[in-house]
Amino acid sequence: MPTVKCNVANCVYWGEGNNCQADAILVEIDQHADQNVDMSVSGSLAEGDLHRDSAKHSAETCCHTFRPKH
Ligand code: SF4
């Protein structure tokens, strides 16, 4: 498992030291930032949510596994 550092502290998967605790995350391009992605607890993506995009800079990408803490 890679270490995933994250600064989104109000995510349910966020942990101390800014470490993501999710089993898997999905990163998308910003152009798809408004899409809701169905990612199961097992880390499996629903069919249709897997595709290939490209980005030129890290600023053009974002995490879609985010779930807000309530
Ligand atoms: S799931 Fe995404 S937003 Fe949530 S802590 Fe992990 S990297 Fe950050």
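In this report, we go over the structure that sits alongside the text. Computed from a prediction, not measured in an experiment: that's the story for all the values here.

## Looking at the overall build of the protein
Okay, step 1: Regarding its fold elements, the protein presents zero helices and four strands.
Okay, step 2: Seen in sequence order, the protein has helices and strands lined up from the N terminus as β-β-β-β.
Okay, step 3: For the protein, buried positions account for 4% of its 70 residues.

## Here we look at the environment of Val27
Okay, step 1: Its location among the elements puts Val27 in strand E3 (residues 27-29).
Okay, step 2: On the neighbour-count criterion, Val27 (13 C-beta atoms within 10 Å) is partly exposed.
Okay, step 3: Once the C-alpha coordinates of Val27 and His64 are considered, the two residues, 37 residues apart in sequence, prove to be 5.7 Å apart.
Okay, step 4: Other than its neighbours up to four places away in sequence, Val27 contacts Thr61, Cys62, Cys63 and His64.

Criteria and thresholds
- Residues numbered from 1 in each chain as written.
- Predicted model: local features only at pLDDT ≥ 70, side-chain atom pairs only at ≥ 80, totals over all residues.
- Helix = DSSP H or I, 4+ residues; strand = E, 2+ residues; numbered from the N terminus.
- Buried ≥ 20, exposed ≤ 12 C-beta atoms within 10 Å, placed from the backbone.
- Contact = placed C-beta atoms within 7 Å.

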